[in-house]
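These are the residues of each chain, in order.
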Amino acid sequence: MNEEEKNILANPSIPPWPGNGARPLNAAIVGGGKGCVSILKMVEGDELGRFRMRVLGVADPDQNAQGIRYAIESKVPVVTSDYHELYKIPDLDFIIELTGLYEVRDEIERSRPRNLRLIDHFAARLFWELHQSEEAVIRQRTEMREQVEAERERIAQILDSIPDEIVVIDNEMVIRDVNSNFLRNNKLAIDDVRGSHCYDIDQHIRGECQVAVENCPFSTVMKDRKPTSLVRKHFNEEGQTLYASIVGAPLVDRNGNVVGMIEMTRDITTRIQLEQALSASEVRLQQYVERAPLAIYVKNRAGQYIDVNPAACSMFGKEKTDIIGKTDLEIFDREAAEKMRSGDRQLWHERNSVSEDFEVEFGSQRVFLSTVKFLILEESGDPTALCGFSIDITAQKEAENKLNETSDYLQQMLDNSPVIIITTDMDTKIVSFNAGAEKCLGYKASEVIGQPAALFYRDPSKREDLMRMVKSGNAVRDYSYELLKKDGTLLPVSITLSQLKDASGKMIGTVGMSKDISHRKELMSQILQTERMAAVGRLGSGVAHEINNPLAVIAEVAGYLNDMVELGLDADKVNLVDELKEGLPKIINQVKRGREITRRLLSFARKTEARVDMADVNASLDEILPFLEKEARFAQTIIHRDYQPDLPRAAVEEMQLQEVFINLITNALHALANQASGNIWLKTRLEKGKVIISIRDDGPGIDDSVRDRLFDPFVTTKPTGKGTGLGLSICYSIVKRYDGEIRVVSEPGQGTTFRVILPTQNPSQIPTESVAEE
């Protein structure tokens with residue numbers, strides 16, 4: 001035995017058995033077989049601790065025996081090949097012989113000290129069997145305890161997985177357990193509730209507990225010894241209404257005694273709100289059905305009416321009691337019944353909705369019905385009933401008939417109208433082409449439907465310009481143009497073009513009306529020429545004055561030269577030649593002046609085609625004023641001029657412009673004729689790229705009733721027989737012809753101002769048609 005082993009044997013540090021002051025029994029094992037290993041493992045695992053035993057030594061002649069090796073690994077204090085060495089272990093209480101050899105047992109028995117006890121292999125085997133039996137009982141108890149714990153854990157998991165709040169209460173109203181949802185919803189820990197009375201815990205879902213309330217679930221369960229349920233309503237701190245469903249069930253012991261209650265609380269606020277909403281919806285739906293102005297009815301598979309609303313009763317002319325439970329053949333005559341059940345069989349077979357309009361007679365009343373039928377399905381998708389909606393469309397049918405009659409009447413008007421009427425879509429494609437258009441333009445409607453409306457325009461861009469104007473919201477009225485006929489000739493027309501809108505007011509195309517103005521062109525040309533000749537007559541005195549001046553000069557110079565010739569034939573020829581050189585140019589100049597006056601007068605009187613030109617407005621005014629000066633002096637009127645010196649030329653033909661000026665100035669002179677004196681102001685300016693000519697007088701002004709229609713033909717402010725009423729109409733036509741404007745500002749007693757506004761550029765856009773076309 002080495003020194004370390006001796007030290008261990010001399011000073012064994014064996015702790016006393018827990019809970020007992022006595023030391024444990026010290027044992028040594030003889031035999032290093034399997035039994036040795038088993039005993040060492042039991043001792044190491046403290047599985048035999050209840051026997052208060054400790055192994056201090058192991059002996060076996062075979063030092064490679066498994067028991068010896070395990071003892072060394074387990075650090076048993078004494079491991080030897082001679083069991084006699086075991087006798088020396090201090091405080092050794094007994095030796096366990098496991099060799100199974102009687103001779104070894106007998107030798108140990110003879111040689112052991114008298115204080116050592118011996119347990120031979122037979123007693124050890126008995127000890128081992130008893131131990132194994134006890135271990136089996138322990139294992140069984142352990143397994144049962146584990147099963148109980150597992151079952152308790154499983155039940156706890158089940159309770160925790162339930163979304164409701166669960167509370168276990170004993171018969172003293174003390175909470176014994178709750179699930180995790182209870183703790184989470186109420187923000188509590190298990191120690192906050194376990195052991196507390198149920199009425200001391202406020203639950204968020206169910207509200208404060210009221211023990212005195214008769215419908216307390218605990219009181220009911222303990223009294224009736226059976227489950228109970230109730231719904232509780234309360235208000236939370238925010239004033240919101242909450243609903244809780246509470247279910248309580250008794251807890252019964254083995255003897256059938258109620259020892260407590262398990263309570264389950266569920267938040268059913270959403271469900272109650274949905275039920276309330278559903279109930280309200282059902283009430284509203286029933287009200288809709290009852291108050292609906294159309295007939296609503298429901299039939300079963302047998303064709304029997306199971307529900308009808310008041311409108312259906314009124315339509316059928318029957319009481320509800322006379323309809324429910326009966327078929328159509330039992331309610332109506334055969335003809336009406338066949339129509340009322342028309343489509344029912346198809347609907348049940350094909351399960352598609354059916355809609356139809358038909359005329360039916362209920363008693364003495366004949367009506368048109370528009371009916372829609374559909375199936376009412378169960379949750380499974382199987383049809384359970386047929387529902388029908390029928391509305392009386394008699395008035396609508398009558399209106400449609402009248403509308404059709406009106407439409408036919410309007411179509412007859414269109415077809416028989418001599419006016420060209422053409423409608424187009426938003427792409428300017430022709431949609432309709434009336435008989436008047438066929439007659440005037442030479443096309444058949446079938447030839448032009450779907451074609452662009454620009455087909456009738458020499459310049460397609462002109463149609464685009466008109467379309468842009470219409471799209472912008474401005475209607476084109478009485479626009480003069482020449483449409484291209486099928487044979488290539490031109491047809492003078494007056495075009496009116498406006499938007500074509502649908503019932504909602506949305507533009508869907510255009511409608512155009514064009515009137516043949518060939519005859520009117522000729523008539524207007526004659527009227528224009530007559531008006532020009534009248535103007536020439538009005539200018540007569542001024543023209544005579546203008547011609548008299550050069551004639552007087554010619555007469556004076558010619559008389560002087562004639563006197564010189566008659567009185568001085570023999571006079572100085574040199575002096576005579578000088579006089580002729582001085583006088584003859586004067587005569588020639590005055591002759592040219594008279595010729596120019598005559599040319600202007602003839603040009604004005606001659607019918608002239610309008611052409612685009614660039615006119616000097618200031619010069620045009622100055623050129624006509626001499627013709628009007630005599631009339632101005634006669635009327636005691638002063639003509640004031642205020643010209644802008646650098647005024648650009650206006651895009652207008654000069655003779656046409658002068659005709660406008662003569663008309664406006666002459667009208668001003670006539671307005672001032674009854675006054676003692678008067679003034680006319682002529683003013684030219686350039687504003688925003690336009691030439692503005694203002695002709696203002698301080699005469700009596702124009703009455704309101706006349707001013708708004710001043711530019712209409714045959715409207716005049718002069719006494720009967722003093723004017724034709726065409727002058728301002730012609731002025732308006734001329735100015736419009738050149739894309740200009742003419743405006744009037746006048747108040748009675750405040751004088752009158754005419755403003756002529758003319759473009760200064762883009763003359764290529766100005767139409768070239770004759771003014772007479774207006």
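Bear in mind that the values here come from a model prediction, so they are computed numbers and not experimental data. (Residues numbered from 1 in each chain as written. Predicted model: local features only at pLDDT ≥ 70, side-chain atom pairs only at ≥ 80, totals over all residues. Heavy atoms only, no water.)

Moving on to unusual backbone geometry. Residue Thr428 is not a glycine yet carries a positive backbone phi of 65°. Here Thr428 is to be found in the loop between strand 16 (420-425) and strand 17 (430-433). The phi angle at Asp739 is positive, at roughly 60°, despite the residue not being glycine. Topologically, Asp739 is positioned in the loop between helix 24 (727-737) and strand 26 (741-746). (Helix = DSSP H or I, 4+ residues; strand = E, 2+ residues; numbered from the N terminus.)

Strands belonging to one sheet form pairs held by backbone hydrogen bonds; the direction of such a pair is parallel or antiparallel. With respect to topology, five strands assemble into an open sheet ordered 7-6-10-9-8, the strand pairing being antiparallel. On the outer flanks of this sheet lie strand 7 (175-178) and strand 8 (228-235), each paired with one strand and no other. Geometrically, the sheet is characterised by an average inter-axis angle of 25° between neighbouring strands, direction not taken into account. The sheet contact formed by strand 6 (residues 165-170) and strand 7 spans three bridges and is antiparallel. Note on strand 7: the bridge partner recorded for Val168 is Asp177. On the sheet, helix 8 (residues 217-224) packs against strand 6, strand 8, strand 9 (241-252) and strand 10 (258-267) and is oriented at approximately 140° with respect to strand 10. The sheet contacts of helix 9 (residues 269-291) involve strand 9 and strand 10, and relative to strand 9 the element is tilted by about 125°. (Pairing = 2+ DSSP bridges. Axes fitted to C-alpha atoms, helices over the stretch in contact; angles between N-to-C directions. Contact = heavy atoms within 4.5 Å.)

The tally for this structure, following the rule as stated, stands at twelve aromatic pairs. For the pair Phe316 and Phe362, a centre-to-centre distance of 5.4 Å together with 65° between the ring planes defines the contact as edge-to-face. Of the two residues, Phe316 is situated in helix 10 (residues 310-316) and Phe362 in strand 13 (residues 354-362); the sequence distance between them amounts to 46 residues. Ring centres of Phe374 and Phe389 lie 5.5 Å apart, and the angle between their planes is 90°; this geometry places the pair in the edge-to-face category. Linking Phe374 in strand 14 (residues 365-377) with Phe389 in strand 15 (residues 383-392), this pair joins segments that are 15 residues apart in sequence. In this structure Phe389 comes out as partly exposed when scored by relative accessible area, which is 32%. Feature note: the residues Tyr297, Tyr305, Phe316, Phe332 and Phe362 constitute an aromatic cluster, connected by ring pairs. Here Arg458 stacks its cationic end above the ring of Tyr481, 5.8 Å away from the centre of that ring. Here the basic side chain of Arg696 rests over the ring of Trp681, its NZ or CZ set 4.0 Å away from the ring centre. (Phe/Tyr/Trp six-rings, centres within 6.5 Å; stacked < 30°, edge-to-face > 60°. Buried < 20%, exposed > 50% of the residue type's maximum accessible area, 1.4 Å probe, protein only. Lys NZ or Arg CZ within 6 Å of the ring centre and 35° of its normal.)

A separate point is the packing of helix 2 (residues 34-44) against helix 3 (residues 66-73). For the pair helix 2 and helix 3, the least separation of the axes is 7 Å and the interaxial angle reads 25°. Comparing the axis directions of helix 2 and helix 3 gives the class roughly parallel. When the axes of helix 2 and helix 3 are compared, the crossing they make is left-handed. Residues Lys34, Cys36, Val37, Leu40, Lys41 and Glu44 of helix 2 form the contact with helix 3, whose participating residues are Gln66, Gly67, Tyr70 and Ala71. Of the residues contributing to the contact of helix 2 with helix 3, the split by class is five nonpolar, two polar and three charged. (Parallel < 35°, antiparallel > 145°, perpendicular 65-115°, else oblique. Left-handed = near helix turned anticlockwise from the far one by under 90°. Nonpolar A, V, L, I, M, F, W, Y, C, P; charged D, E, K, R; others polar.)

Let us look at the environment of Ser390. Tracing the sequence through the fold places Ser390 in strand 15. Here the alpha-carbon distance between Ser390 and Met315, two residues 75 residues apart in the chain, equals 9.2 Å.

Locating Ile262 in the fold gives a position in strand 10. For Ile262, a relative accessible area of 27% translates into the label partly exposed. Counting along the chain gives 15 residues from Ile262 to Val247, while the straight-line C-alpha distance between them is 8.4 Å.

By themselves, these observations are geometric and do not establish any function.
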